[in-house]
Amino acid sequence: MTTLTHNLGFPRIGAQRELKKALETYWKGQSSIDQLLTTAREIRTGNWLLQQKTGIDLIPVGDFSLYDHVLDMTALLGAIPQRFGNTGGSISSDLYFAMARGTADQPAMEMTKWFNTNYHYIVPEFDSNTQFRLASDRLFQEIEAAKALGINAKAVLIGPLSYLHLGKEITPDFQRLDLLPRLLPVYREILQKIAALGVEWVQIDEPILSLDLEQSWLDGFTKAYHTLRDNGCRLLLTTYFGTVDHHLALLKNLPVNGLHIDVSSVQEQLESFLTEDFSDKTLSLGCIDGRNIWHADLSQKLNTLSQAASRFAGELWVAPSCSLLHCPVDLTLETKLEPEIRNWLAFSVQKLEEIATLGCGLNQGRESIKAILLASDEARRSRTESSRIYNPIVHQRIDNLAERDSQRTHPFATRKHLQQQRFNLPLLPTTTIGSFPQTATIRQARAAFRKNELSHLEYLSAMRAEIQEMIRKQEEIGLDVLVHGEPERNDMVEYFGEQLWGYAFTENGWVQSYGSRCVKPPILYGDVYRPKAMTVEWSKYAQSQTRKPVKGMLTGPVTMLMWSFVRDDQPRSTTALQLALAIRDEVTDLENAGIGMIQIDEPAFREGLPLRKQDWEPYLDWAVKAFRIASSSVKDETQIHTHMCYSEFHDILPAIAELDADVITIETSRSRMELLDAFVKFSYPNEIGPGVYDIHSPRVPDASEMLELLKKASRHIDPKSLWVNPDCGLKTRNWPETQTALQKMVDCAKTLRSTLQA
Ligand code: GLN
Ligand code: ZN
């Protein structure tokens, strides 16, 4: 039987971030919607043709998005929250972007992390009145366009169970699963329309299958897929990001035509699917890692696939483990990477080539791809034997780590007292999360320095001028604890990665984070070592400009790990410890330079949680340990802050408390402070700054709104432990908006302070 190759999704931002630029120009009112849609069409078409040229048999259509694929499902299914006032008709682009980004009078829909990735999706909002209707033609138009180009299209949809599961109830006493009967008729309609367009296969993504699911949701699968069968298309039920073999019996009985499983991050589950008889279905094997950038060991992959093919009676397909959304586009654009390291890598385009190669090997025999296999073996060997990877000093330090290296000298109560004496802060101290608007001047100076158009001294004075100005602005606004503003950083991980040994970085290795926002994760390929201080000069300079305390600003070891492409040749826990030691050295240097408060950001702390609860404990153990090693070298009177954003922390509060940071700032404004209840219930022991306004939206909140949130916080949390801050860094905002918002925030804190003290 021939093996087909297919792809689950291609990065949509464009190899040179064309979509980002087009979106941002449009949002600024500098281009028309038609111009934006033209760019989008060009990217989409280019992606299809490229996949076709690479030799991929079935090409995903519907994976593209202007902002987010979950929001696209919301638009397709007409599940527009009532607060956006849409009563019918198709979804305009204004409405679409209003849901994504908020408007003058409506906050944006909530955003949260897509499983354990650093991609953020727009959370569907449900209440008992939610109705569904086919409300967008976008998918069907894209299918028509693809077919017109001769693309062998496979339509992509998020499945009904995952769609409901990924959303949230906005009214109590109601369960979103109850909406399933209302939802399924619309799915049927969609499938029928797809079939009418002559598309045979629909990839129906149900990634929630890699989670622990309650019985009611499992029953929902049976119900839904019995309803959705026989609509004219063949359904490929698609799972990824982990094992699904805990649902083996359910999967076997679902009336779908095919099943995609991830056998890259979890090779073990292949066995379960081969042992159990799945031969009535097409089995798609996600054997190329869609989330990391290492070149695959093609010989080994081919062996596994050939064995699977000889044991499996049904049809086998080959694919990446998940959508390539999480991978940069094209390695050939990287001209500056060390050739040795480059040889170890594969981005989306190269991964598709690997898939095409494996397809060829399976269909035409190993001989037909002999040269490629040899090159792959050689790349593998060069990586294992390279002297770039191993650093004995690092290994020795890890071996010598003792219990006391992850403990502060005294418990928090003692430290709190000493810190209060040292800093003498008012009740409800105000601060920010670290970054300030990255103005054109800042970006230009950084770019010029990179291109050697600015000398070191010119760059230094440009950045110092920015820092000085930001300190002045913060003093004018009346903030209590200042920051230097991070003008020298393009990205909170890349900035550190560039200065550490063991890291490589790319020119165009962009990955979408949310909407038009992209990150360029550095590549962790070897043992991590900090040759010299990374931030001390900037922080020292900022502190020299003010009598108020300036927080040193670092990225924590867990976030460094989660937002990098990590080694696949040692456990993540080992890499985390190596990173922790590098940060620890920086913390020590900052303290010695007279910086009294040091913030170690861990926005990705929760992101690292394994998808299934049974795997949480070992992760939390090493993640907490890494943070504590990074932060525990300091004296009692040095105040350690940490910051986390976007997350639900309810279930990991004990671990967050165990980090033992003196102050934590968290995102709460988008979820309207619901998170606080959890901190109160758990009686979080240290100080806390719940974000009082949402920086992810251009909307400046009313002072009354902020004051309300702040009052709510002060009713829940002892005001002596309460800080006042926005919910994240301000680098994506502009100055006028930032200044207005921060001024309101400081005024609110003052108002409440005087009430509390009266
Ligand atoms: N200090 C960082 C900033 O302000 C934190 C960013 C984040 O939490 N993602 O930009
Ligand atoms: Zn944040």
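Residue numbers here run from 1 along each chain, matching the order of that chain's written sequence. Lettering of chains starts at A and numbering of ligands starts at 1, both following the order in which they are written. In keeping with the model being predicted, local features are shown solely for residues with a pLDDT of at least 70 and side-chain atom pairs are shown and tallied solely at 80 or more, while totals for entire chains, interfaces and linings include all residues. Excluded from the side-chain calculation are hydrogens and water; included are all heavy atoms of the structure.

A. Region of the structure containing the packing of aromatic side chains. Classification of ring pairs uses Phe, Tyr and Trp, with its six-membered ring standing for Trp, and accepts pairs whose centres are within 6.5 Å; under 30 degrees between planes counts as stacked, over 60 as edge-to-face, and the remaining range as tilted. Evaluated as defined, the whole model comprises 22 aromatic pairs. Taking the centre distance of 6.1 Å and the plane angle of 10° together, the rings of Phe221 and Tyr225 count as stacked. Residue Phe221 and its partner Tyr225 are located together in helix H8 (residues 215-228), separated by 4 residues, close to a single helical turn. Here Phe221 matches Tyr225 in class, with each residue buried. Ring geometry for Tyr495 versus Phe496: centroids 5.3 Å apart, planes at 90°, classification edge-to-face. Across the pair, Phe496 and Tyr495 agree in class, each one buried. Taking NZ or CZ as reference, Arg291 lies 4.8 Å from the ring centre of Phe241, over its face. A ring is considered to have a charge above it if a Lys NZ or an Arg CZ atom is located within 6 Å of its centre and within 35 degrees of its normal. In this structure, Arg383 is placed above the aromatic ring of Trp294, and the distance from its NZ or CZ to the ring centre is 3.7 Å. Strands are runs of DSSP state E lasting at least 2 residues, helices are runs of H or I lasting at least 4, and numbering of each runs from the N terminus. Relative accessibility under 20% of the residue-type maximum defines a buried residue, over 50% an exposed one, and the middle range a partly exposed one, all with a 1.4 Å probe and only protein chains included.

B. Fine view of the sheet that holds strand S8 (residues 201-205). Spatially, S1-S12-S11-S10-S9-S8-S6-S2 is the arrangement adopted by the 8 strands of the open sheet, whose pairing is parallel. The open sheet has two edge strands with one neighbour each: strand S1 (4-5) and strand S2 (59-61). Two strands pair if DSSP finds at least two bridges between them. Where strand S10 (residues 258-262) and strand S11 (residues 282-288) come together, 5 bridges link them in parallel fashion. Paired with Leu259 across the two strands is Leu283, which belongs to S11.

C. Representation of unusual backbone geometry in the model. A positive phi angle, near 55°, is found at Asp173, a position not held by glycine. Residue placement: Asp173 occurs in the loop between strand S7 (168-169) and helix H7 (180-196). Despite not being glycine, Glu486 shows a phi value in the positive range, around 60°. Among the secondary structure elements, Glu486 is positioned in the loop between strand S13 (482-483) and helix H19 (494-497).

D. Molecular detail of the site of ligand 1. Around ligand 1 lies a shell formed by Ile433, Gly434, Ser435, Glu486, Met492, Met553, Asp601, Pro603, His643, Cys645, Cys728 and Gly729. Polar contacts here mean pairs of N or O atoms no more than 3.5 Å apart (in protein, one a potential hydrogen donor and the other a potential acceptor; neighbouring residues in sequence count only if both atoms are side-chain atoms). With respect to ligand 1, the side chain of Asp601 contributes an N or O atom lying 2.6 Å from a nitrogen atom. In this structure, His643 approaches ligand 1 through a side-chain N or O atom, which is 3.0 Å from an oxygen atom. Methods summary: accessible areas were calculated by the Shrake-Rupley approach with a probe of 1.4 Å, and residue burial reflects only the protein chains presented. For ligand 1, whose free accessible area comes to 290 Å², the fraction covered by protein is 92%. Proximity is defined per residue: any heavy atom of the residue falling within 4 Å of a molecule or strand makes that residue near it.

E. A look at the pattern of salt bridges. The term salt bridge refers to a side-chain nitrogen of Lys or Arg lying within 4 Å of a carboxyl oxygen of Asp or Glu. Under the defined criterion, the tally for this structure stands at 43 salt bridges. Of the charged contacts, one joins Arg388 and Glu340 as a salt bridge, the two residues approaching to 2.4 Å between their closest N and O atoms. Taken together, the residues Arg388 in the loop between helix H14 (370-385) and helix H15 (392-399) and Glu340 in helix H12 (residues 339-342) connect sequence positions 48 residues apart. Its relative accessible area of 28% is what places Glu340 among the partly exposed residues. Among the charged side chains, a network of salt bridges with common partners joins Arg44, Asp72, Arg138 and Glu142.

F. Up close: the environment of Leu8. Secondary-structure assignment places Leu8 in the loop between S1 and helix H1 (18-27). Along the backbone, Leu8 and Ser368 are 360 residues apart, and their C-alpha atoms lie at a distance of 26 Å.

G. Quick peek at H1. Listing the buried residues of H1 in full gives Leu19, Lys20, Ala22, Leu23 and Tyr26. The inward-facing, buried residues of H1 abut helix H2 (33-54), helix H4 (93-101) and strand S16 (517-519). Within two residues after H1, Gly29 carries a phi angle of roughly 80°, on the positive side. Throughout, a residue-residue contact means that at least one pair of heavy atoms, one from each residue, lies within 4.5 Å.

H. Geometry of the coordination of the zinc ion (ligand 2). Note that water is not among the atoms considered, so a metal site may appear incomplete; the donors listed are N, O and S atoms within 2.8 Å of the metal, with 3.2 Å applied to Na, K and Ca. Of the protein atoms, only His643 (NE2), Cys645 (SG) and Cys728 (SG) coordinate the zinc ion (ligand 2), at distances of 2.0 to 2.4 Å. Irregular is the label for any site that misses the other tests, which are tetrahedral for four donors with all angles between 85 and 135 degrees, and square planar for four donors or octahedral for six when opposite donors exceed 155 degrees and the remaining angles lie between 65 and 115. With 4 donor atoms in place around the zinc ion (ligand 2) and angles of 87 to 129° between them, the coordination shape is tetrahedral. Mapped onto the sequence, the residues coordinating the zinc ion (ligand 2) show the spacing H-x1-C-x82-C. With Cys645 in the loop between strand S20 (639-644) and helix H24 (653-659) and Cys728 in the loop between helix H26 (703-716) and helix H27 (735-757), the pair connects residues that are 83 residues apart, well separated along the chain.

I. Representation of the packing of H1 against H2 within the structure. Where H1 meets H2, the closest approach of the two axes is 9 Å, and the angle between their N-to-C directions is 170°. What the angle tells us is that H1 and H2 run roughly antiparallel. Here Glu18, Leu19, Ala22, Leu23 and Tyr26 of H1 lie close against H2, whose contacting residues are Ile33, Leu36, Thr39, Ala40 and Ile43. Residues of the contact of H1 with H2, tallied by class, amount to 8 nonpolar, 1 polar and 1 charged. Fitted lines through C-alpha atoms serve as axes, helices being fitted only where they are in contact, and the angles separating the N-to-C directions of these axes extend from 0 to 180 degrees. Roughly parallel covers angles under 35 degrees, roughly antiparallel covers those over 145, roughly perpendicular covers 65 to 115, and oblique covers all other angles. The nonpolar class holds Ala, Val, Leu, Ile, Met, Phe, Trp, Tyr, Cys and Pro. Asp, Glu, Lys and Arg form the charged class, and all remaining residues, Gly among them, are polar.

J. Representation of the sheet that holds strand S18 (residues 550-555) in the model. Strand order in the open sheet made by the 6 strands is S13-S18-S19-S20-S21-S22, with parallel pairing throughout. A strand with exactly one partner marks an edge of an open sheet, and here the two such strands are S13 and strand S22 (687-690). One ladder, built from 2 bridges, connects S13 with S18; its direction is parallel. Its bridge partner lying in S18, Val483 is registered against Lys551. Packed on one face of the sheet, helix H22 (residues 572-592) meets S18 and strand S19 (597-601) and runs near 165° to S18.

K. A look at the side chain of Asp601. Its place among the elements puts Asp601 in strand S19. Within the local environment of Asp601, its side chain forms a polar contact with the side chain of Gln599, the two groups lying 2.6 Å apart. Once you skip the residues sitting within four places of it in the chain, Asp601 turns out to touch Ile433, Met492, Met553, Leu554, Thr555, Gly556, Thr559, Thr642 and His643.

L. Expanded view of the pairing of S8. For S8, a buried count of 5 out of 5 residues is recorded, marking the element as mostly surrounded by other parts of the structure. Every second residue of S8 is oriented toward a common face, with Trp201, Gln203 and Asp205 on one face and Val202 and Ile204 on the other, all of them buried. Taking the sense of rotation as the criterion, the β-α-β connection linking S8, H8 and strand S9 (residues 234-238) turns out right-handed. If you view a crossover with the strands going away from you and the path from the first strand over the helix to the second runs clockwise, you call it right-handed.

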